[in-house]
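This is what each chain is made of:
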Amino acid sequence: QVQLVESGGGLVQPGGSLRLSCAASGSIFSIYAMGWYRQAPGKQRELVAAITSGGSTNYADSVKGRFTISRDNAKNTLYLQMNSLKPEDTAVYYCNVDIATMIRDTQYEYDYWGQGTQVTVSS
């Protein structure tokens, strides 16, 4: 069993900042790619940013230069620093983590989602 717990969402004014966290716990052998997605009302879920186990990152064009994704492998935690927030950033943000678990000497890899955290950018 693996659990992902997100935190850090909230209400912020345009131009403000928030930092999201996603902590993984449970039967973890290794963590591979990690990412943040968001879903606004009436829209499809979209990738915001992703980071590989080696630290390579990629971002949606809409957040480049404003958001920074990072990970702390010792704490099994993913972060998203969001600066210069805009009203169009308003959405539920979800973390997504690719985790390997060892069961009887066999490695199994699964994709897990966090519960989502609301980010609202409004004056």
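Just above, that's the structure.
Rules used in this analysis
Residues numbered from 1 in each chain as written. Predicted model: local features only at pLDDT ≥ 70, side-chain atom pairs only at ≥ 80, totals over all residues. Heavy atoms only, no water. Disulfide = S-S within 2.5 Å. Helix = DSSP H or I, 4+ residues; strand = E, 2+ residues; numbered from the N terminus. Buried < 20%, exposed > 50% of the residue type's maximum accessible area, 1.4 Å probe, protein only. Contact = heavy atoms within 4.5 Å.

Q: With reference to specific residues and values, describe the state of the cysteines.
A: Scanning the model with the defined rule gives one disulfide in all. Here Cys 22 engages in a disulfide with Cys 95; their sulfurs sit 2.1 Å apart. As the torsion about the S-S bond is roughly 55 degrees, the Cys 22-Cys 95 disulfide counts as right-handed. Of this pair, Cys 22 sits in strand 3 (residues 18-26) while Cys 95 sits in strand 9 (residues 91-103), and the two are 73 residues apart along the sequence. Taken as a pair, Cys 22 and Cys 95 share a single burial class, namely buried.

Q: Can you explain the environment of Val 12? Please cite residues and give values.
A: Mapped onto the fold, Val 12 is located in strand 2 (residues 10-12). You can call Val 12 buried: its relative accessible area is 11%. Spatially, the C-alpha atoms of Val 12 and Lys 86 are 9.4 Å apart, while their sequence positions differ by 74 residues. In contact with Val 12, other than residues within four places in its own chain, are Ser 17, Leu 18, Leu 85, Thr 120, Val 121 and Ser 122.

Q: Talk me through unusual backbone geometry; I want residue IDs and the actual numbers.
A: Backbone geometry at Asn 76 places phi at a positive 50 degrees, although glycine is not the residue there. Positionally, Asn 76 belongs in the loop between strand 7 (67-72) and strand 8 (77-82). Phi at Arg 104 is positive, roughly 50 degrees, even though this residue is not glycine. If you trace the backbone, Arg 104 turns up in the loop between strand 9 and strand 10 (106-113).

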